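Structural features, examined
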Amino acid sequence: SKDLSPGDVRVICLAGCDVCVGKTTEGKLFAIGDKAPPTGISFSAGAEVAGTKIIEPQYGNAFDVYSGLPEGEWCPSPPVIGKAIGTI
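From a predicted model like this one, the values you see are computed outputs, not experimental measurements. (Residues numbered from 1 in each chain as written. Predicted model: local features only at pLDDT ≥ 70, side-chain atom pairs only at ≥ 80, totals over all residues. Heavy atoms only, no water.)

1. A closer look at the side chain of T24
Selection criterion: Numbering of helices and strands starts at the N terminus; helices are DSSP runs of H or I of at least 4 residues and strands are runs of E of at least 2. Throughout, exposure labels follow a simple rule: accessible area from a 1.4 Å probe, protein chains only, divided by the maximum for the residue type, with under 20% read as buried, over 50% as exposed, and the rest as partly exposed. Contacts are assigned to residue pairs that have any heavy atoms within 4.5 Å of one another.
One can find T24 in the loop between β2 (17–23) and β3 (29–33). The buried category is assigned to T24, whose relative accessible area is 0%. Residue contacts for T24: discarding those within four places in its chain leaves P6, G7, F30, V49, G51, T52, V65 and Y66.

2. What about the sheet that holds β2?
Stated precisely, the cut-off is as follows: We treat two strands as partners when DSSP finds at least two bridges between them. Every angle, taken between N-to-C directions, lies between 0 and 180 degrees, and every axis is a line fitted to C-alpha atoms, over only the stretch in contact when it is a helix.
The strand order across the open sheet formed by three strands is β1-β2-β3, and the pairing between neighbours is antiparallel. The open sheet has two edge strands, β1 (9–14) and β3, and neither has a second partner. Put simply, the sheet's adjacent strands are angled 30° from each other on average, direction ignored.

3. A word on the packing of aromatic side chains
The following threshold applies: Pairs were defined over the aromatic rings of Phe, Tyr and Trp, the Trp ring being its six-membered one, requiring ring centres within 6.5 Å. Orientation was assigned from the angle between planes: stacked under 30 degrees, edge-to-face over 60, tilted for the rest.
Tallying each qualifying case throughout the model produces two aromatic pairs. Here F43 and F63 contribute two aromatic rings whose centre-to-centre distance is 6.1 Å and whose plane-to-plane angle is 80°, an arrangement assigned as edge-to-face. Remark: F63 occurs in strand β8 (residues 62–64) and F43 occurs in the loop between β5 (41–42) and β6 (48–50); sequence separation between them is 20 residues. Between F63 and W74, the aromatic rings sit 6.1 Å apart at their centres with planes inclined by 90°, giving edge-to-face as the arrangement. One end of the pair, F63, is in strand β8; the other, W74, is in the loop between β9 (70–71) and α1 (81–87), and 11 residues separate them in sequence. For F63, a relative accessible area of 4% corresponds to the buried category. Looking at W74, the relative accessible area reads 32%, which means it is partly exposed. Site record: aromatic cluster; members linked through ring pairs are F43, F63 and W74.

4. Some remarks on unusual backbone geometry
Of note, the bond from P37 into P38 is cis; its omega dihedral lies within 30 degrees of zero at 5°. Take P38: it is sitting in the loop between β4 (35–36) and β5. Although it is not a glycine, A15 adopts a positive phi angle of roughly 55°. Take A15: it is sitting in the loop between β1 and β2. For C75, which is not a glycine, the phi torsion comes out positive at approximately 55°.

Take a look at the structure:
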């Protein structure tokens, strides 16, 4: 955890599973499965940490870093296309 600054994320392979390990903006360590719905993009492809949420880079979906549950609007970006993808 010394190698991570607040807001940083890294992906490691643990027992054959990709796990995203990071720190919240407050500096607390978290681990979450690395494949973000709806398309399975890796959080390492540009996810942003905001407080205790991780926001996937493709459609802007936010997930709680401790529970893994989605929070807020589903597929908020890009406008129109994100909402269309979110309904599929």
